[in-house]
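Breakdown of the fold
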Amino acid sequence: MTALDDKINERFPGLVVRKDLVKAVKGNAIVPSYVLEFLLGQYCATNDEASIQSGIETVKEILRKHYVHRNEAGLIRSNIREKGRWKVIDKISVDLNTDKDAYEVTFSNLGIKNVIIDSGTVKAHPKLLVSGVWCIADVEYEHSEDKNVSPWILGSIKPIQLSKFDYAAYLEARGGFTTDEWIDLLFQTVGFDPEMFGRRSKLLQLMRLVPFVERNYNLIELGPKGTGKSHIFSEFSPHGILVSGGEVTVPKLFVNNSSGKIGLVGYWDVVAFDEFAGRQKRVDKALVDIMKNFMANKSFSRGVETLGAEASMVFVGNTQHTVPYMLKHTDLFEELPEKYYDSAFIDRLHTYVPGWEIDVIRGEMFASGYGFVVDYLAEILRHMRNDDYSNRYQGLFSLSSAISTRDRDGVNKTFSGMMKLLFPSDNATETEVEEMLHLAMEGRKRVKDQLFRIDSTYPETDFSFTARDGRKISVTTLEETEYPQYYYKRAPRHEEPEPSVKPASDAAVMPAVLAAPAVAEVKAAKPVDPREGHRVFSENQKGVTFGDLFWPWIEGATKIVVTDPYIRMFHQIRNVMEFIEMIAVRKAPEDEVTVHLITGADDTYPEKQQSNLIAVETAGAAAGIKFTWEIDGTNTIHARHVTSDTGWKISLDRGLDIFQKFEMNDAFSLANRLQAYRQVKAFEITYLRKALDQRGPPAESR
């Protein structure tokens with residue numbers, strides 16, 4: 001257990017569970033995670049290993065005896081008949097039989113239906129009427145000679161969800177965590193290991209929770225397959241429902257005019273559409289029209305009557321092309337079904353989560369630490385839907401007057417949701433408020449910038465905000481910084497041909513900002529010359545290589561010194577090897593270069609550090625690169641920089657360790673083989689021209 005796990009158990013006793021236990025008990029049961037965690041929360045909400053193992057066995061026994069597998073439904077029905085009563089875990093739905101004037105239950109897996117249920121239970125749990133709810137139910141069997149009477153009797157029913165919680169205690173316990181710790185707790189709750197992701201990636205994934213905490217919030221996430229886009233909406237909360245985008249009709253989603261039955265938006269906090277993308281999908285235009293009205297006005301019409309609902313709408317789907325391809329040829333909404341590829345629909349989206357920034361989920365990314373029992377957090381988030389945190393930045397920051405009312409609403413709702421998630425006690429610092437406001441504006445700007453490309457009637461908008469000290473913060477999207485030569489495209493008017501875009505150089509594609517340039521300067525990016533300057537890189541950017549960062553400044557050098565105190569672990573020494581490789585493929589074959597490393601000692605595995613450095617030395621020698629090193633045994637060096645006898649000093653705030661974790665053992669991964677396909681951490685680099693004394697390594701060093 002980590003220190004964070006200890007704190008989580010201390011602050012939220014009985015309300016958290018170790019996340020790897022879900023896999024341990026699930027087996028082949030096709031059941032949502034919140035159902036399993038409901039049971040684990042009753043028997044395994046502790047950090048005592050003996051109690052956990054005992055609880056796991058108890059939960060497994062409950063699932064074995066009471067969870068209904070479809071292929072074993074006949075056996076369970078037989079048990080009920082023979083014993084007279086049996087407890088089952090199943091998904092239960094209810095319909096009104098108007099001929100009998102009675103509510104009737106259908107058990108999804110058990111395969112029985114027309115079981116009478118009293119109206120009081122239905123009124124207490126209205127979601128039973130729409131798509132079904134997972135429940136623990138006592139089912140009885142009593143044979144009757146009357147063939148019109150069902151032998152099945154519903155004894156009792158308990159929906160699998162938390163019955164009560166203490167919100168004040170939740171707020172009080174939040175005060176015991178730093179912001180980073182709280183982010184990691186939420187991240188472990190949704191099932192992922194925070195050590196495998198950077199801060200921006202964590203925040204982007206936590207944005208998927210905003211629809212659960214904000215009423216009438218409209219979110220879209222498009223990205224590659226396998227990034228976990230639909231996971232939260234299918235597994236996380238009993239208050240959300242995930243439906244296939246092709247299976248939705250107006251009666252199912254909004255209202256059935258013939259029966260008067262309200263659809264999904266009337267019963268669920270979040271309605272998510274899976275596999276929403278696909279240009280060829282057939283879509284009912286009437287559905288799109290009523291959805292647009294609901295997304296804008298929180299209401300929909302049924303004949304002459306107008307009804308309201310609070311459901312948030314989420315649209316998730318896969319992209320078929322890379323971001324630069326979409327920006328060059330179409331736009332980031334290119335995969336929407338044709339009838340949804342409509343500026344009025346797109347304009348109603350409050351945020352666009354860039355799914356391409358989230359890595360494809362691998363086995364080692366899943367959490368093994370503690371997180372909330374998801375049903376507990378789901379109830380907390382539902383409670384907070386009554387609150388409004390959208391004004392929390394006022395007094396500190398003011399939005400640009402050029403931002404329209406609809407844009408402002410999108411920014412405010414995203415900001416409010418993120419503040420509720422991370423700072424429910426309203427304890428954010430000014431810097432943290434700025435970070436949340438920037439993230440909220442970026443999500444809405446991504447929508448608006450694509451509208452600017454799709455529809456020529458939309459104006460270009462200044463997405464910026466001003467701090468109380470007069471500082472102006474201009475918001476850019478990451479893809480805007482990465483691909484400026486493709487990003488700034490205007491939707492062509494009918495009378496104007498679309499302007500051709502001249503491809504920029506590789507250096508222009510590289511996501512870098514020199515000395516915080518204005519947007520116009522980013523548009524006109526030029527190849528990077530070896531000149532003094534400062535470059536800022538954002539988390540999750542791609543296209544960054546050692547060659548772009550270093551070669552123009554060290555080209556022609558015969559002596560290079562790398563000072564980095566943290567060249568100890570395997571991936572850090574691999575970075576040095578790639579630095580050597582960068583020089584090897586660029587220098588003339590007849591030239592020889594000396595590269596000297598100054599670093600700290602690995603006190604845990606010193607022999608491994610030494611053997612890995614020797615391997616780098618051997619590899620470099622084959623290319624005419626003499627690699628030497630010295631270990632600072634005092635571990636007092638802190639600066640990280642590269643100097644060369646060309647007269648340059650390159651200061652690095654992260655040293656060579658600029659890349660996020662990736663799969664190093666996958667020989668067929670481009671990220672493993674090419675740096676340009678890796679995501680970077682946030683870092684800065686400064687280039688200084690300086691007459692440097694390039695002395696050789698001390699005699700005692702290797």
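For the structure itself, consult the block above.
Worth saying up front: this structure is predicted, and the values here are computed from it rather than measured.

**Topic: the overall build of the protein**
The secondary structure content of the protein amounts to 26 helices and 25 strands. In terms of overall dimensions, the protein is globule-like: its C-alpha atoms have a radius of gyration of 29 Å, near the 27 Å expected for 702 residues. Working note: accessible area of the protein is about 31,400 Å², and carbon and sulfur atoms make up 48% of it. Measuring between centres, the 86 positive side-chain charges of the protein sit 3 Å from its 99 negative side-chain charges.

**Examining the pairing of strand S2 (residues 85-97)**
In terms of strand pairing, S2 meets strand S5 (residues 133-141) through 8 bridges, oriented antiparallel. Bridged to Lys87 within S5 is Asp138. Connecting S2 to the antiparallel partner strand S3 (residues 102-107) that follows it, the hairpin turn spans 4 residues, and Asp101 within it adopts a positive phi of roughly 55°.

**Remarks on helix H18 (residues 430-454)**
For H18, which comprises 25 residues, the first-to-last C-alpha distance of 36 Å matches the rise-based estimate of 36 Å (1.5 Å per residue) to within 8%. Taken across its 25 residues, H18 has 20 buried, putting it largely inside the fold.

**Structural notes on the sheet that holds strand S16 (residues 464-467)**
Spatial ordering of the open sheet is given by S15-S16-S17, a layout of 3 strands whose pairing is antiparallel. Both outer strands of the open sheet, strand S15 (397-399) and strand S17 (472-474), are each paired with one neighbouring strand and no more. Direction aside, the axes of adjacent strands within the sheet are offset by 25° on average. Taken together, the 3 bridges between S16 and S17 define a ladder with antiparallel strand orientation. Paired with Phe465 across the two strands is Ile473, which belongs to S17.

**A closer look at the sheet that holds strand S6 (residues 152-159)**
Pairing in this open sheet of 5 strands is antiparallel, and the strands run S4-S3-S2-S5-S6 from one edge to the other. Both outer strands of the open sheet, strand S4 (115-117) and S6, are each paired with one neighbouring strand and no more. For this sheet the average axis-to-axis angle between neighbouring strands, irrespective of direction, equals 50°. The pairing of S5 with S6 spans 7 bridges and is classified as antiparallel. Within S6, the residue paired with Glu140 across the bridge is Ile153.

**Some remarks on a nonpolar patch on the surface**
On the surface, a nonpolar cluster with roughly 300 Å² of combined accessible area is contributed by Leu670, Leu674 and Tyr677. Looking at the element boundaries, Leu670 is found in helix H26 (residues 670-673).

**Regarding the nonpolar core**
Ranked by internal contacts, the top residues of the largest apolar core, which has 92 residues, are Phe12, Ile89, Phe372 and Leu422. If we ignore the near neighbours within four places in the chain, the residues touching Leu422 are Arg174, Trp182, Ile183, Leu186, Leu203, Leu206 and Met436. Leu129, Leu154, Ile290 and Met295 belong to the second-largest nonpolar core, a separate cluster that totals 73 residues.

**Focus: helix H4 (residues 49-66)**
Between its first and last C-alpha, H4 extends 25 Å over 18 residues, near the 26 Å set by a 1.5 Å rise per residue. Looking at H4, one finds that the buried residues are Ile52, Gly55, Ile56, Val59, Ile62, Leu63 and His66. When H4 is viewed along its axis, its buried side chains cluster within an angular range of 130° and face the same direction. Facing away from the buried surface of H4 by more than 90 degrees, the exposed residues are Ala50 and Arg64. If you follow the buried residues of H4, they end up packed against strand S1 (16-18), helix H2 (21-26), helix H3 (33-43), S2 and strand S14 (370-372).

Criteria and thresholds
Residues numbered from 1 in each chain as written. Predicted model: local features only at pLDDT ≥ 70, side-chain atom pairs only at ≥ 80, totals over all residues. Heavy atoms only, no water. Helix = DSSP H or I, 4+ residues; strand = E, 2+ residues; numbered from the N terminus. Rg over C-alpha atoms; globule rule 2.2 N^0.38 Å. Areas by Shrake-Rupley, 256 points an atom, 1.4 Å probe, with all protein chains shown as cover. Lys, Arg positive; Asp, Glu negative; His and termini not counted. Charge placed at Lys NZ, Arg CZ, Asp CG, Glu CD. Pairing = 2+ DSSP bridges. Expected span 1.5 Å × (residues − 1). Buried < 20%, exposed > 50% of the residue type's maximum accessible area, 1.4 Å probe, protein only. Axes fitted to C-alpha atoms, helices over the stretch in contact; angles between N-to-C directions. Patch = residues over 30% accessible without salt bridge, like charges linked within 9 Å, V, L, I, M, F, W, Y side chains within 5 Å. Salt bridge = Lys/Arg side-chain N within 4 Å of Asp/Glu carboxyl O. Core = buried A, V, L, I, M, F, W, Y, C linked by side-chain atoms within 4.5 Å. Contact = heavy atoms within 4.5 Å. Arc of directions from axis to C-beta.

Any link to function would need more than the numbers given here.
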